[in-house]
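Architecture and fold: a report
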Amino acid sequence: KAGVTQTPRYLIKTRGQQVTLSCSPISGHRSVSWYQQTPGQGLQFLFEYFSETQRNKGNFPGRFSGRQFSNSRSEMNVSTLELGDSALYLCASSFFLDYEQYFGPGTRLTVT
Amino acid sequence: AQSVTQLGSHVSVSEGALVLLRCNYSSSVPPYLFWYVQYPNQGLQLLLKYTSAATLVKGINGFEAEFKKSETSFHLTKPSAHMSDAAEYFCAVKASRGAGNQFYFGTGTSLTVIP
């Protein structure tokens, strides 16, 4: 079974721009969660989607948004990028009511 | 609410020595607990999980962890370190009921294995 895939793997953007990251979960998994990982803050939860509905949201500004499609693929969008948004963005999928989350390799976003 | 504390942001062990990575949790409901490993430029890989069955949990690559409710701990151990164990290790907690699927991660422990 293929793992969680994230595209692109690396991205360089300029402050003020917006960016969209994509995540394809493991086949059959219906829940997708997003995390931001930085050296200073560690892994921070962004949001979780299930059946195209946001179920949980972390403590991030409204510039961070996401959505999930009917095939469970998910995208997250960051508008008006700031230097502090530079991070590794990780997507994780799980089968609803199951416990484990399986992580993708991440998208490394650099904001200059 | 759930939270995790990992004691020691950096741990160094000699090859062949015991690996002990510490994790203490806080949870308002019975927790599910996990250990993940992250190699450079990669995502997180599940090492093992505790979901209220046996308190001693065995995972991949020879790692195991013991759930101790009285100590609110879930320390990760491996009897003999290999060079390939050098990585970042994360402990995570999730509520066993309610609260969706949100995981709370510790700040991580970087393991160095000295040849």
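Observations regarding the state of the cysteines
Residues and elements named next belong to chain A. Under the counting rule described, the total for this entry stands at two disulfides over all chains. The disulfide partner of Cys23 is Cys91, and the S-S distance across this bridge is 1.7 Å. On the sign convention where negative means left-handed, the S-S torsion of about -55° between Cys23 and Cys91 marks this disulfide as left-handed. Taken together, the residues span a long stretch of sequence, with Cys23 in strand β3 (residues 19–24) and Cys91 in strand β9 (residues 87–94) at a distance of 68 residues. Here the two residues Cys23 and Cys91 agree in accessibility, since each one is buried.

Some words on the packing of aromatic side chains
Under the definition given, this model contains 16 aromatic pairs over all chains. A centroid spacing of 5.8 Å and a plane angle of 50° characterise the contact between B:Tyr36 and B:Phe105, whose relative ring orientation is tilted. Highlighted residues: B:Tyr36 in strand β4 (residues 31–38) and B:Phe105 in strand β10 (residues 103–105), separated in sequence by 69 residues. Given a relative accessible area of 11%, B:Phe105 falls into the buried group. In this structure an aromatic cluster arises from ring pairing among A:Tyr35, A:Phe45, A:Phe103, B:Phe34, B:Tyr36, B:Phe103 and B:Phe105.

A few points about the pairing of β3(A)
A regular strand carries its side chains on alternate faces of the sheet. All names here are of chain A. Direction of pairing for strand β1 (residues 5–7) relative to β3: antiparallel, over a ladder of three bridges. The residue bridging Thr7 from the neighbouring strand is Ser22, located in β3. Note that β3 and strand β8 (residues 74–78) share five bridges and pair antiparallel. Considered in β8, the bridge of Leu21 is made with Met76.

The rules behind these values
Residues numbered from 1 in each chain as written. Chains lettered and ligands numbered in written order. Predicted model: local features only at pLDDT ≥ 70, side-chain atom pairs only at ≥ 80, totals over all residues. Heavy atoms only, no water. Disulfide = S-S within 2.5 Å. Helix = DSSP H or I, 4+ residues; strand = E, 2+ residues; numbered from the N terminus. Buried < 20%, exposed > 50% of the residue type's maximum accessible area, 1.4 Å probe, protein only. Phe/Tyr/Trp six-rings, centres within 6.5 Å; stacked < 30°, edge-to-face > 60°. Pairing = 2+ DSSP bridges.

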